[in-house]
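# Topology and contacts: notes
Here's the letter readout for the chains.
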Amino acid sequence: MEIKVSRTLTDLGNGLFAYVQGDGSWGWSNSGLVVSEGESLMVDTLFTGRLTRDLLDTYRRAASEAETIDILVNTHANGDHTFGNALAGNARIIGSTACAEEMEERPAEVFADMVRNWRNHGEIGAFMHETMGMHFDFSDIVHRPPTELFDGHKTVTIGSRSVELVELGPAHTRGDIVVHVPDAKTVFTGDILFSGGHPIIWAGPIGNWIRACDLILDWDVETVVPGHGPIGTKRELAAMRDYLVHTRDEAAKRFAAGMAWEEAAWDIAFDAFDSWLDRERVVANVAAVYRELSEGRIAPPRADIMRQMLRYRHGATCPHDGQCACHIHK
């Protein structure tokens, strides 16, 4: 049974809208709408069919152009941005090549089956159940990947305005793109920005993500709509960059000192980001940095990362089971 969270539509002006769900924690993603002269472009769908139907109804009430979605852009492959694609009617669905490839690796129906039978999937199943499976009804999701693919950069036209699609992955995932509306000085970042929440590096390298932040910070934008969390400005994007640099540098120090990746995850302080949600993601982020620095020699299986993320989430004081004499105690 899906839990209820706040869902807020903000009119950004000049034919742009942002739809924000809750606090932006696991699965509660954002969407965007751009309209001009009778045409519409939607940025991302939501995690389930019901949530996406509510989203579309809200857009239609806000703008007559949204009665039919002409273009749907998927910023990346994760289900909380794509599992509602099947409800987009005859829209052109645009994504990066890497986004489409990732979606084929775990179609919506496969994800739904894994969540439904989570006890059969070990640590990964337990993690998915706690963070997402308990909160969403995936019975109505359908696999529908992008049908129009690009690499690098693509310009699309909505009415009289140009919208720039810029591929910045691999970073959060292999195929991240952002949607830049220059004439409105607005960018929809997808999960290049988690506003007020710890990001998670599924792909990396972390340096690519930092460079993505730098690129957007150089653009003439005033409004930044994140993939998760409240609408903001470049200030939130700069904070995300600071977070990533801190994670990279502190993990690199511990890697050079020979500290194990999981011990490093517990050892690194994130005092400047104490108010951010989903702190357990530092475990995955440190593992990603270690994988990069070791050139793949240290590559913890996802099940191990998920297990340690759950332990971190549940308040474990160090990464070791049972009694230990380690110095890492949070």
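Here is a short report on the structure shown in this document. All values reported here derive from a predicted model rather than from experimental measurement. (Residues numbered from 1 in each chain as written. Predicted model: local features only at pLDDT ≥ 70, side-chain atom pairs only at ≥ 80, totals over all residues. Heavy atoms only, no water.)

### Things to note about the sheet that holds strand S9 (residues 161-167)
Taken in spatial order, the five strands of this open sheet run S8-S9-S10-S11-S12, and their pairing is mixed. Every other strand in the sheet has two partners, leaving strand S8 (153-158) and strand S12 (223-225) as the edge strands with one partner each. Pairwise comparison of adjacent strand axes, ignoring direction, gives a mean angle of 20° for this sheet. Judged from the three bridges that link them, strand S10 (residues 177-181) and strand S11 (residues 186-188) form a sheet pairing that is antiparallel. (Pairing = 2+ DSSP bridges. Helix = DSSP H or I, 4+ residues; strand = E, 2+ residues; numbered from the N terminus. Axes fitted to C-alpha atoms, helices over the stretch in contact; angles between N-to-C directions.)

### Thoughts on the pattern of salt bridges
It is possible for side chains bearing opposite charge to pair when their charged atoms get close. Counting across every chain of the model gives 24 salt bridges. Arg116 serves as the salt-bridge partner of Asp113, at 3.3 Å between the closest nitrogen and oxygen. With Asp113 and Arg116 both in helix H3 (residues 108-116), this residue pair falls three residues apart, about one helical turn. In this structure Arg116 comes out as exposed when scored by relative accessible area, which is 54%. Linking Glu222 and Lys185 is a salt bridge whose minimum nitrogen-to-oxygen distance equals 3.8 Å. Of this pair, Glu222 sits in the loop between helix H5 (206-217) and S12 while Lys185 sits in the loop between S10 and S11, and the two are 37 residues apart along the sequence. (Salt bridge = Lys/Arg side-chain N within 4 Å of Asp/Glu carboxyl O. Buried < 20%, exposed > 50% of the residue type's maximum accessible area, 1.4 Å probe, protein only.)

### Some details on the side chain of Ser96
With respect to the helices and strands, Ser96 occurs in strand S6 (residues 92-96). Here Ser96 falls in the buried class, since its relative accessible area comes to 0%. Residues in contact with Ser96, not counting those within four places in the same chain, are Leu149, Phe150, Glu167, Gly175 and Ile177. (Contact = heavy atoms within 4.5 Å.)

### Let's talk about helix H4 (residues 122-133)
For H4, with twelve residues, the first-to-last C-alpha span of 14 Å runs short of the 16 Å given by 1.5 Å per residue. Among the residues making up H4, those that are buried are Gly125, Phe127, Met128, Glu130, Thr131, Met132 and Gly133. Looking at the packing, one finds that the buried side of H4 touches H3 and helix H9 (302-313). (Expected span 1.5 Å × (residues − 1).)

### Focus on the environment of His228
Counting through the fold element by element, His228 comes out in the loop between S12 and helix H6 (234-256). Judged by its relative accessible area of 2%, His228 falls in the buried class. Through-space distance from the C-alpha of His228 to that of Ser25 is 7.1 Å; in sequence the pair is 203 residues apart. Setting aside its immediate chain neighbours within four residues, His228 contacts Gly24, Ser25, Gly27, Trp28, Ser29, Asn30, Asp80, His81, Asp191, Leu193, Phe194 and Ser195. Side-chain polar atoms of His228 contact the side chain of His81, separated by 3.4 Å. (Polar contact = N/O pair within 3.5 Å; in protein donor to acceptor, adjacent residues only side chain to side chain.)

### Brief notes about the packing of aromatic side chains
Here the distance between the centres and the angle between the planes together describe a pair of aromatic rings. For the coordinates displayed, the defined rule picks out 17 aromatic pairs. Relative to Tyr59, the ring of Tyr19 lies with its centre 6.2 Å away and its plane at 70°, an arrangement referred to as edge-to-face. A residue pair is termed long-range when its members are at least 10 positions apart, and Tyr19 in strand S2 (residues 16-21) and Tyr59 in helix H1 (residues 49-62) qualify at 40 residues. A relative accessible area of 3% places Tyr19 in the buried class. Judged by relative accessible area, Tyr59 falls into the buried class, the value being 0%. On the numbers, 4.4 Å between centres and 40° between planes, the contact of Trp28 with Phe136 is tilted. With a gap of 108 residues between them, Trp28 in the loop between S2 and strand S3 (31-36) and Phe136 in the loop between H4 and strand S7 (148-150) connect regions that are remote in the sequence. (Phe/Tyr/Trp six-rings, centres within 6.5 Å; stacked < 30°, edge-to-face > 60°.)

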